[in-house]
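Now for the letters of each chain:
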Amino acid sequence: MFHHRCSFAGTILVQGPKHRNHTSIVETAHFYLLGVLIAFYMLAGAAVFSFLERPAELQAHQLWEWRLRSFCEEHNISCEDLKSLLRHFEEAKTAGIQTEKGRAHWDLPGAFYFVGTVVSTIGFGVTAPSTTTGKVLLVLYALPGCSATILFFNLFLERVTTLLSLLMFWCHTRTSKPSRLENKTSEGNQNEEWKPSVYQVTFILFLAVLLVACGAASLYSAMEGWTFLESLYFCFVAFSTVGFGDFVSGQREHHEDTRGYQVANCLLMLLGVCCTYSLFNAISVIIKQGLNWILRTLDWMYDGIRHTRLRFRPLFQLCFSDSESPVSYCKDDTVHRPQMQAISSAGHIMLWCTCVPSAIGKCLCNEGTVETLYHVNKDRGVSQEQKQDICSYERNVVYVKPLPT
């Protein structure tokens with residue numbers, strides 16, 4: 001497995017409450033951030049595909065209306081009667097009725113192809129149960145079937161990543177042989193600590209998926225009469241379990257007699273789905289690393305803004321405080337601890353002193369002198385004259401005396 005760089009199978013660790021709380025916060029941030037990014041990704045994709053496909057859709061609708069009117073006028077039939085016939089054809093198409101005769105959908109090989117598309121979650125939509133009993137059975141059949149297939153994909157993923165790790169580790173040990181006898185121990189320790197990068201594994205899986213897709217596309221292009229690009233498109237749609245149903249393999253009439261092609265079709269589907277599933281998992285690890293980088297960047301920006309605000313807050317308070325207000329007063333006989341910050345600016349000292357409760361501050365630049373007096377115990381009393389000019393706290397007394405005019 002990938003351990004610290006790429007971990008598909010995690011290790012159970014004993015964590016304290018504080019660490020578990022931090023991990024939960026990070027995972028929650030991942031969840032919401034990924035949801036927002038997926039929403040924006042879907043909006044961007046919708047805009048792009050709408051821009052590309054909407055004109056073709058409008059043109060197809062116009063062409064179909066023209067053809068429908070032309071056919072009705074040429075054969076002198078009602079358009080409503082023709083549309084009713086077409087609706088019946090759409091209902092019959094679910095049972096496998098096509099304009100050109102094709103292979104049977106519900107014989108044993110056709111039914112096996114159907115259940116394969118169900119448990120693999122491809123779902124081309126060409127074949128679907130038309131009876132009520134068949135629809136209810138499909139729901140009960142798909143629950144354990146899809147779950148077992150996903151478990152099979154995960155087990156396949158573990159074995160593929162283990163095999164790739166061993167092969168890459170073997171290549172690493174071959175390319176980094178120690179040149180001296182005394183360095184064998186250190187090189188051995190480095191090899192034990194070496195782990196494959198998730199980017200390397202993703203690249204190898206991508207090459208594997210591309211190789212399987214190109215081989216399958218060559219076969220489909222020869223057997224189905226599709227172009228190579230259309231065959232590649234079908235391979236991605238099928239291997240990724242999207243399954244639009246616009247292209248479906250093995251549905252022609254002459255395919256009933258080619259058992260070898262049917263077996264090869266099922267094996268290629270299985271291998272392609274497994275490899276693509278592994279590739280998607282590897283890419284998801286890279287996406288999670290990207291989410292971690294985004295969260296670290298946002299945290300760094302927040303810390304920078306917060307530190308900047310804390311740095312300049314006393315300056316803003318000094319500049320916008322009331323110039324007619326007294327410097328600082330304590331309204332009762334209780335000794336309070338003030339909050340003070342000093343900022344050097346152009347050779348002057350600006351002192352901000354707040355005495356809780358209800359203390360009002362004032363800028364002391366060029367208007368007064370600040371003297372630090374002796375230590376005063378907070379239990380001792382303070383005279384009435386000193387209370388007007390002194391705001392004392394537990395350790396020191398700050399004495400503010402106005403300059404003579």
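Counting of residues starts from 1 at the beginning of each chain's written sequence and follows it residue by residue. Local features are withheld for residues below a pLDDT of 70 in this predicted model, meaning they are given only at 70 or higher, and side-chain atom pairs are given and counted only at 80 or more; totals for whole chains, interfaces and linings count all residues. Heavy atoms throughout the structure, all of them, feed into the side-chain values; hydrogens and water do not.

**Here's the deal with the overall build of the protein chain**
Phase 1: Numbering of helices and strands runs from the N terminus; a helix is a DSSP stretch of H or I covering at least four residues, while a strand is a stretch of E covering at least two. Counting secondary structure elements, the protein chain contains 9 helices and 5 strands.
Phase 2: In sequence order, the protein chain lays out its α and β elements as α-α-α-α-α-α-α-α-β-β-β-α-β-β.
Phase 3: Among the 405 residues that make up the protein chain, the fraction classed as buried is 25%.
Phase 4: The contact rule is simple, with two residues in contact once any of their heavy atoms fall within 4.5 Å. Put simply, of all contacts in the protein chain between residues at least 6 apart along the chain, 65% involve residues at least 24 apart.
Phase 5: Areas reported as accessible are Shrake-Rupley estimates using a 1.4 Å probe. Residue values count occlusion only from the protein chains shown. For the protein chain, the accessible surface area stands at approximately 28,200 Å², while carbon and sulfur atoms represent 63% of it. Three exposure classes are used, based on accessible area relative to the maximum for each residue type with a 1.4 Å probe and protein chains only: buried under 20%, partly exposed in between, and exposed over 50%.

**With respect to the packing of helix α6 (residues 198–224) against helix α7 (residues 228–239)**
Phase 1: Only C-alpha atoms enter the line fits that serve as axes; for helices the fit covers just the stretch in contact. Angles between N-to-C directions range over 0 to 180 degrees. α7 packs onto α6 with a crossing angle of 125° between their chain directions and a minimal axis gap of 8 Å. In terms of orientation, α6 and α7 fall into the oblique class. The handedness of the crossing between α6 and α7 comes out as right-handed. Here Val 212, Ala 213, Cys 214, Ala 216, Ala 217, Ser 218, Tyr 220 and Ser 221 of α6 come into contact with α7, specifically with Phe 228, Ser 231, Leu 232, Phe 234, Cys 235 and Phe 239.
Phase 2: In this classification, the charged set is Asp, Glu, Lys and Arg, the nonpolar set is Ala, Val, Leu, Ile, Met, Phe, Trp, Tyr, Cys and Pro, and all remaining amino acids, among them Gly, are polar. Of the residues in the contact of α6 with α7, the class split is 11 nonpolar, 3 polar and no charged. Here roughly perpendicular refers to angles of 65 to 115 degrees, roughly parallel to angles under 35, roughly antiparallel to angles over 145, and oblique to all remaining angles. Helix crossings fall into two classes, left-handed where the near helix is turned counterclockwise from the far one by less than a right angle and right-handed where it is turned clockwise.

**A few points about the packing of aromatic side chains**
For any pair of aromatic rings, the description consists of the separation of the ring centres together with the inter-plane angle of the planes.
Phase 1: Working definition: a ring pair exists when centres of Phe, Tyr or Trp rings (six-membered ring for Trp) sit within 6.5 Å. Plane angles under 30 degrees give stacked, over 60 give edge-to-face, the rest tilted. Applying the stated criterion across every chain, the model contains 12 aromatic pairs.
Phase 2: Measuring from ring centre to ring centre gives 5.3 Å for Phe 31 and Tyr 32, while their planes differ by 75°; the resulting arrangement is edge-to-face. Of the two residues, Phe 31 and Tyr 32, neither departs from the other in class, the shared state being exposed.
Phase 3: Aromatic ring contacts, followed pair by pair, group Tyr 113, Phe 124, Tyr 220, Trp 226, Tyr 233, Phe 234, Phe 247 and Tyr 261 into a single cluster.

**Things to note about α7**
Phase 1: Between its terminal C-alpha atoms α7 stretches 16 Å, which fits the 16 Å expected from 12 residues at 1.5 Å a residue.
Phase 2: Along α7, the positions that sit buried rather than exposed are Ser 231, Phe 234, Cys 235, Val 237, Ala 238 and Phe 239.
Phase 3: The positive-phi residue at the C-terminal boundary of α7 is Thr 241, with phi of around 60°. Expected helix span is computed as 1.5 Å times (number of residues minus one).

**Quick word on the UniProt feature "transmembrane region" (unreviewed entry) in the protein chain**
Phase 1: UniProt's feature table lists "transmembrane region" (unreviewed entry) at residues 31–52, 111–130, 136–157, 198–220, 226–248 and 260–280, given in the numbering used throughout.
Phase 2: From the first C-alpha to the last, residues 31–52 spans 31 Å; its make-up is 100% helix and 0% strand.
Phase 3: Helix makes up 45% of residues 111–130 and strand 0%. Its end C-alpha atoms lie 13 Å apart. UniProt positions are given in the numbering used here, feature names are shortened, and annotations may be inferred rather than shown by experiment.

**Regarding empty space enclosed by the protein**
Phase 1: Grid points spaced at 1 Å and placed over the protein atoms alone form the basis of the search, with a cavity being a set where a 1.4 Å probe fits but cannot get out and a pocket an open set showing protein on both sides within 12 Å along at least five of seven lines. Lining residues have an atom within 4 Å of a point. Grid points are joined across faces, edges and corners, and a volume is the space filled by probe spheres set on the points. Using the criterion set out here, one finds 1 cavity of 30 Å³ or more in the structure.
Phase 2: Of the voids in this model, the largest cavity is the one considered here, and its volume is about 40 Å³.
Phase 3: Arg 103, Ala 104, His 105, Gly 110, Tyr 113, Thr 127, Gly 250 and Gln 251 are the residues that line the largest cavity.
Phase 4: Considered class by class, the residues forming the lining of the largest cavity number 2 nonpolar, 5 polar and 1 charged.

**Observations regarding the side chain of Ser 231**
Phase 1: Locating Ser 231 in the fold gives a position in helix α7.
Phase 2: If we ignore the near neighbours within four places in the chain, the residues touching Ser 231 are Ala 217, Tyr 220, Ser 221 and Trp 226.

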